[in-house]
Amino acid sequence: MNKSVTVFGSSVPREGEAGYMFALRLGALLANAGFRVYSGGYRGIMDGVSRGAVEAGGEAIGVTVKGWSSVKSRFLTETIICSSLFERIETLIKNADAYIVLQGGTGTLLELAVVWEFINKSIMPVKPVACHSDMWKDVVRIMENQIRREGRKTGLIKYFDNEEEIVQYLKNSLSL
């Protein structure tokens, strides 16, 4: 496996729910394409993408926080334990060649915002960022309008309707 992708998303969706099942299919497609999958390592979307990757024969690395009472995904092939939320976010960002942002709440918004800001401020190189869910389509559109008014670079965050489009975008962007 040559490339790693971090998947951000909610801990709320359960097996059988749309968000979980999307993540499950995405994880399998990522593993089949040769990607190592990173996630926050807990339940919900993180569990779904890890499960999909592992069941397809791939790797799923969970980046968790010491002392959190959340239940870790049982589908992790490796766990990296961090001392704080900010160390966790930094680890998820620095270990990835690309990012996928799925359904989520304020934690997922924070993760997207940090990636976006790091790219905008040239703290890290431009890397592919793929979003999925109507919520992110609206958030990205609103932020792009503001970024355009500020004269900063737009078009850094891409939106996709399905798992196959996301994986193809990453493969094309990373020349796989």
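Our subject is the structure listed above.
Described below are features of the structure shown in this document. It should be emphasised that the depicted structure is a prediction, and the values quoted were computed from it without experimental measurement.

To continue, consider helix α4 (residues 106-120). For an α-helix, 3.6 residues make a turn, and residues three or four places apart therefore share a direction. In a regular helix each residue adds 1.5 Å, so 15 residues correspond to 21 Å; α4 covers 20 Å between its end C-alpha atoms and thus fits that length. On its buried face, α4 sits against β1 (3-8), α3 (85-94), β5 (98-101), β6 (129-131), α5 (134-149) and β7 (157-159). At the exit of α4 stands Ser122, carrying a positive phi of roughly 55°.

With that settled, the discussion passes to the side chain of Ser50. Within the fold, Ser50 resides in helix α2 (residues 45-55). Discounting residues that sit within four places of it in the chain, Ser50 has contacts with Ser39, Ala60, Ser73, Phe75 and Leu76.

This part covers the packing of α3 against α4. Where α3 meets α4, the closest approach of the two axes is 11 Å, and the angle between their N-to-C directions is 55°. Accordingly, the angle class assigned to the pair α3 and α4 is oblique. Read as a crossing pair, α3 and α4 show a hand that is right-handed. Counting all contacts with α3, which are made through Leu85, Arg88, Ile89, Leu92 and Ile93, the residues of α4 involved are Leu110, Glu111, Val114, Val115 and Phe118.

Across the six residues of strand β3 (residues 60-65), six count as buried, placing the element largely inside the fold. Going residue by residue along β3, you find Ala60, Gly62 and Thr64 tucked away on one face and Ile61, Val63 and Val65 tucked away on the opposite face as well. Where strand β2 (residues 35-39) lies against β3, three bridges are found, and the strand directions are parallel. Along β3, the bridge assignment pairs Ser39 with Gly62. In this fold, the crossover linking β2 to β3 by way of α2 has right-handed handedness.

The rules behind the values
Residues numbered from 1 in each chain as written. Predicted model: local features only at pLDDT ≥ 70, side-chain atom pairs only at ≥ 80, totals over all residues. Heavy atoms only, no water. Helix = DSSP H or I, 4+ residues; strand = E, 2+ residues; numbered from the N terminus. Expected span 1.5 Å × (residues − 1). Contact = heavy atoms within 4.5 Å. Axes fitted to C-alpha atoms, helices over the stretch in contact; angles between N-to-C directions. Parallel < 35°, antiparallel > 145°, perpendicular 65-115°, else oblique. Left-handed = near helix turned anticlockwise from the far one by under 90°. Buried < 20%, exposed > 50% of the residue type's maximum accessible area, 1.4 Å probe, protein only. Pairing = 2+ DSSP bridges. Right-handed = clockwise from strand over helix to strand, strands pointing away.

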